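For reference, the chains in residue letters:
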Amino acid sequence: MSSLKKPRITIHYCTQCSWLLRSAWLAQELLSTFAFELGEVALQPGTGGVFLIHCDEVLVWDRKIENGFPEAKILKQRIRDLIAPDKTLGHSDKTNN
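Conventions used here
Residues numbered from 1 in each chain as written. Predicted model: local features only at pLDDT ≥ 70, side-chain atom pairs only at ≥ 80, totals over all residues. Heavy atoms only, no water. Helix = DSSP H or I, 4+ residues; strand = E, 2+ residues; numbered from the N terminus. Buried < 20%, exposed > 50% of the residue type's maximum accessible area, 1.4 Å probe, protein only. Pairing = 2+ DSSP bridges. Axes fitted to C-alpha atoms, helices over the stretch in contact; angles between N-to-C directions. Contact = heavy atoms within 4.5 Å. Right-handed = clockwise from strand over helix to strand, strands pointing away. Polar contact = N/O pair within 3.5 Å; in protein donor to acceptor, adjacent residues only side chain to side chain. Salt bridge = Lys/Arg side-chain N within 4 Å of Asp/Glu carboxyl O.

**Concerning the environment of arginine 80**
And step 1. The residue arginine 80 is located in helix 3 (residues 72-83) in this model.
And step 2. For arginine 80, a relative accessible area of 10% corresponds to the buried category.
And step 3. Between the alpha carbons of arginine 80 and proline 45 there is a distance of 24 Å; along the sequence they are 35 residues apart.

And the structure:
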């Protein structure tokens, strides 16, 4: 096993808005796609409409900045670009033409 620390994804979601299921689904998608590249995915409850996704200290998604929630495909691409740029995402890499 490598001595390098694997990245940690944190999904900070609003409990008042009932976004736990959305957060858990995205966590499952990331863990399935990056099973060997990630160290963990943490769900962090919050309030006030928060929906933030960080990879270690890097902000990957902010619902307020992005004006909505990430599609799994887009989130996977952003995470891949940070932690495993050479990894193929199969159908998630295909563009819709």
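**So, the sheet that holds strand 2 (residues 40-46)**
And step 1. The four strands lie next to each other as 2-1-3-4, forming an open sheet whose pairing is mixed. Every other strand in the sheet has two partners, leaving strand 2 and strand 4 (58-62) as the edge strands with one partner each. Within this sheet the neighbouring strands show an average axis-to-axis angle of 20 degrees, counted without direction.
And step 2. Where strand 3 (residues 51-55) and strand 4 come together, four bridges link them in antiparallel fashion. By the bridge assignment for strand 4, leucine 52 is matched with aspartate 62.
And step 3. Together, strand 1 (8-14), strand 2 and strand 3 form the strand contacts of helix 1 (residues 20-33), whose direction differs from that of strand 2 by roughly 170 degrees.

**Topic: the pairing of strand 2**
And step 1. Pairing of strand 1 with strand 2, which is carried by seven bridges, proceeds in the parallel orientation. Bridging across to strand 2, threonine 10 finds its partner in alanine 42.
And step 2. Each parallel crossover has a hand, and the one from strand 1 via helix 1 to strand 2 is right-handed.

**As for the side chain of serine 23**
And step 1. You can see serine 23 is positioned in helix 1.
And step 2. A distance of 2.8 Å separates a polar side-chain atom of serine 23 from the backbone oxygen of tryptophan 19.
And step 3. Apart from residues no more than four positions distant in its own chain, serine 23 is found in contact with Ile11, Tyr13, Leu43 and Phe51.

**Side note on the side chain of glutamate 29**
And step 1. Considering the arrangement of structural elements, one finds glutamate 29 in helix 1.
And step 2. In terms of polar contacts, glutamate 29 uses its side chain to reach the side chain of lysine 76, at 2.8 Å.
And step 3. Apart from the residues within four sequence positions on either side, glutamate 29 is in contact with Ala72 and Lys76.

**A word on the pattern of salt bridges**
And step 1. In total, this model carries five salt bridges according to the counting rule given.
And step 2. Across the pair glutamate 37 and lysine 87 runs a salt bridge whose closest N-O atoms are separated by 3.4 Å. Placement of the pair is glutamate 37 in the loop between helix 1 and strand 2 and lysine 87 in the segment after helix 3, with a sequence separation of 50 residues.
And step 3. Accessibility expressed as a relative area gives 21% for glutamate 37, which makes it partly exposed.
And step 4. Residues arginine 78 and glutamate 66 are paired through a salt bridge, measuring 2.9 Å at the closest nitrogen-oxygen approach. Of the two residues, arginine 78 is situated in helix 3 and glutamate 66 in helix 2 (residues 63-66); the sequence distance between them amounts to 12 residues.

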